[in-house]
Amino acid sequence: MAKERFQELDVFRGIAAFAVMLFHFSSRYPAVYSPGTKLGWSFAYGHYGVQLFFMISGFVIFLTLSRCKTATDFVVSRVSRLFPAYWAAMLLTAVVGLLWPLPDQHYSVYQLAVNGTMLQSYLYVPSVDGVYWTLSYELGFYAVMLALYLFGAVRHVHAIVLIWLAFAAVNAVWPLPFRLQLLAVLPYAPLFMAGLLFHEVWLKRATLKTWSLLALCLAGACVLEENMVGRWLMPVFFLLFWAAVSGHMRWLLNRPLLWLGSISYTLYLVHQMLGFRVIAWLEAAGWSVNAAIAVAIVSACALATALTQLVEQPSLQLIRQWYQRRRQPTVVVATQGA
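A brief structural summary. It should be emphasised that the depicted structure is a prediction, and the values quoted were computed from it without experimental measurement. (Residues numbered from 1 in each chain as written. Predicted model: local features only at pLDDT ≥ 70, side-chain atom pairs only at ≥ 80, totals over all residues. Heavy atoms only, no water.)

Examining the overall build of the protein
Consideration 1: For the protein, the helix and strand inventory stands at 13 helices and zero strands.
Consideration 2: Relative to the 2.2 N^0.38 estimate, which gives 20 Å for 338 residues, the radius of gyration of the protein is 21 Å and therefore close to what a compact globule would have.
Consideration 3: Across its three principal directions, the C-alpha atoms of the protein cover 80 × 60 × 45 Å.
Consideration 4: Within the protein, buried positions represent 51% of all 338 residues.
Consideration 5: Considering only intrachain contacts with a sequence separation of at least 6, the fraction spanning at least 24 residues in the protein is 75%. (Helix = DSSP H or I, 4+ residues; strand = E, 2+ residues; numbered from the N terminus. Rg over C-alpha atoms; globule rule 2.2 N^0.38 Å. Buried < 20%, exposed > 50% of the residue type's maximum accessible area, 1.4 Å probe, protein only. Contact = heavy atoms within 4.5 Å.)

This is the structure in structure tokens:
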């Protein structure tokens, strides 16, 4: 029987999204839109929440594939999870950006159309919001894992990890074409692969080979990370992941953190450009930048909650219910007579 939803990873995802938001508000906004502003604090390494996202994705996608009976099950699962909230967040960001643009914030119809596919990085089209760059890696990882599923190779997880890490090592020495790096998530392969392996630990199927490959993933993540702080954070992330899959992080499952986890995806999607717009408005009105950031944080969380409840969850349920109805076999009733 499949294990129930792994809520600790939801909490990790929420904390990671909040950390990325703090990084953007405390480091990116002053650097780009308010040079010389002194906050008195900075969450300068909050962007490493993205690395935690990638580890979580490795785990979740492997878990999702283990529960899918067909490739279509997987595609519907991912499309219903990603696209409706993304489209809503992108359109809202675009409307605000077109009506009240920040400096150098310009959108074209072509750019918006390409962004709607979530493939903009593959086509070298700028994202409506810079945070969308991670979605290109996510889609690449989904595509490769789906291909492995179709070829029946997913069960050979150790071989997958070893080969994928080998390609990442080659890419580190002789960089491959950008689109191939993107599709195969090569700059972040050790993190995605670690997620796959931690799924085995969670199911209590880990062997000596599993732990050896996890050590190799950790080494690879540290080598590929250029910043010394990032290299120190990688072992911390691996340790936290191990603690979670081993059942030592249940104390995180409280209502505030579970709520933060539930809005993590929409919070990630809406916080940056819309949050920057709120901070800029309030600064122009005479607010201190710290007060403006506080309002932007509350506003981003409120908007993310609204999008989760009004768009993400209802659309996810509608799409999956529609799919379940379509895949039910049609019952043909035979009748007598000519």
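Comments concerning the layout of surface pockets
Space left empty within the atom packing is revealed by a probe, the size of a water molecule, rolled over the atoms.
Consideration 1: Taken as a whole, the second largest pocket encloses approximately 330 Å³ of empty space.
Consideration 2: Lining of the second largest pocket is provided by 18 residues; of these, His-47, Gln-51, Trp-133, Tyr-188 and Glu-225 occupy positions nearest its centre.
Consideration 3: For the lining of the second largest pocket, the elements supplying multiple residues, two or more each, are helix 1 (7-33), helix 2 (49-67), helix 8 (189-202) and helix 9 (208-224).
Consideration 4: Of the residues contributing to the lining of the second largest pocket, the split by class is 12 nonpolar, four polar and two charged. (1 Å grid on protein atoms, 1.4 Å probe; cavity = no way out; pocket = protein on both sides within 12 Å on 5 of 7 lines; lining within 4 Å. Points joined across faces, edges and corners; volume = space filled by probe spheres on them. Nonpolar A, V, L, I, M, F, W, Y, C, P; charged D, E, K, R; others polar.)

Description of empty space enclosed by the protein
Consideration 1: Under the definition given, this model contains one cavity of 30 Å³ or more.
Consideration 2: Elements supplying a minimum of two residues to the lining of the largest cavity: helix 3 (71-99) and helix 12 (264-284).
Consideration 3: In terms of residue class, the lining of the largest cavity is made up of five nonpolar, three polar and one charged.

With respect to the packing of helix 1 against helix 11 (residues 255-262)
Consideration 1: Here helix 1 crosses helix 11 at 75 degrees, and the two axes come no closer than 7 Å. On the basis of their axis angle, the class for helix 1 and helix 11 is roughly perpendicular. Facing Gln-7, Asp-10, Val-11, Gly-14, Ile-15 and Phe-18 of helix 1, the residues of helix 11 in contact are Leu-257, Leu-258, Leu-260 and Gly-261.
Consideration 2: Looking at the contact of helix 1 with helix 11, its residues break down into six nonpolar, three polar and one charged. (Axes fitted to C-alpha atoms, helices over the stretch in contact; angles between N-to-C directions. Parallel < 35°, antiparallel > 145°, perpendicular 65-115°, else oblique.)

Brief notes about helix 8
Consideration 1: The end-to-end C-alpha distance of helix 8 is 20 Å, a good match for the 20 Å that 14 residues give at a rise of 1.5 Å each.
Consideration 2: Among the 14 residues of helix 8, 14 are classified as buried, and the element is accordingly described as predominantly covered.
Consideration 3: Just beyond helix 8, the residue with positive phi is Lys-204, at close to 60 degrees. (Expected span 1.5 Å × (residues − 1).)

Some words on the packing of aromatic side chains
Geometry of an aromatic ring pair is reported as the spacing of the ring centres plus the angle between the planes.
Consideration 1: Counted under the stated rule, the structure contains 27 aromatic pairs.
Consideration 2: With centroids separated by 5.4 Å and ring planes inclined at 80 degrees, the aromatic side chains of Phe-53 and Tyr-268 adopt a geometry described as edge-to-face. On the criterion of sequence distance, the pair formed by Phe-53 in helix 2 and Tyr-268 in helix 12 is long-range, its members being 215 residues apart. For the pair Phe-53 and Tyr-268, one class covers both residues: buried.
Consideration 3: Counting every residue linked through ring pairs, the aromatic cluster contains Phe-6, Phe-12, Phe-59, Phe-198, Trp-202, Phe-238 and Phe-241.
Consideration 4: Lying over the aromatic face of Tyr-142, Arg-78 brings its terminal NZ or CZ to 5.7 Å of the ring centre. (Phe/Tyr/Trp six-rings, centres within 6.5 Å; stacked < 30°, edge-to-face > 60°. Lys NZ or Arg CZ within 6 Å of the ring centre and 35° of its normal.)

Notes on helix 6 (residues 157-173)
Consideration 1: When the terminal C-alpha atoms of helix 6 are compared, their 25 Å separation across 17 residues agrees well with the 24 Å that a helix rising 1.5 Å per residue should span.
Consideration 2: Along helix 6, the residues classified as buried are Val-157, His-158, Ile-160, Val-161, Trp-164, Leu-165, Ala-168 and Asn-171. The buried residues of helix 6 occupy an angular sector of 155 degrees when projected down its axis, which confines them to one face.
Consideration 3: Contacts made by the buried residues of helix 6 are with helix 2, helix 5 (133-150), helix 7 (178-183), helix 8 and helix 9. (Arc of directions from axis to C-beta.)

Some details on the environment of Met-249
Consideration 1: Relative to the assigned elements, Met-249 resides in the loop between helix 10 (228-245) and helix 11.
Consideration 2: In the structure, Met-249 is positioned 242 residues away from Gln-7 in sequence and 9.9 Å away in space, judged by C-alpha atoms.
Consideration 3: If we skip the residues at most four places from it in the chain, Met-249 touches Glu-8, Phe-12, Leu-240, Ala-243 and Ala-244.

Observations concerning the packing of helix 9 against helix 10
Consideration 1: Contact geometry for helix 9 and helix 10: axes closest at 8 Å, N-to-C directions at 150 degrees. Comparing the axis directions of helix 9 and helix 10 gives the class roughly antiparallel. Here helix 9 runs over helix 10; the crossing is right-handed. Contacts between helix 9 and helix 10 involve Trp-211, Leu-214, Cys-217, Leu-218, Ala-221, Cys-222 and Val-223 on the former and, on the latter, Arg-231, Met-234, Pro-235, Phe-238 and Trp-242.
Consideration 2: Considering only residue class, the contact of helix 9 with helix 10 consists of 11 nonpolar, no polar and one charged. (Left-handed = near helix turned anticlockwise from the far one by under 90°.)

Brief notes about the pattern of salt bridges
Oppositely charged side chains may form a pair once their charged atoms are brought near each other.
Consideration 1: Counted under the stated rule, the structure contains four salt bridges.
Consideration 2: In this structure, Arg-327 engages Asp-73 in a salt bridge whose closest nitrogen and oxygen atoms are separated by 3.5 Å. You can see Arg-327 sitting in helix 13 (residues 289-327) and its partner Asp-73 sitting in helix 3, a full 254 residues away along the chain.
Consideration 3: A salt bridge links Glu-312 to Arg-81, with the nearest nitrogen and oxygen atoms 2.3 Å apart. Of the two residues, Glu-312 is situated in helix 13 and Arg-81 in helix 3; the sequence distance between them amounts to 231 residues.
Consideration 4: Given a relative accessible area of 2%, Glu-312 falls into the buried group. (Salt bridge = Lys/Arg side-chain N within 4 Å of Asp/Glu carboxyl O.)

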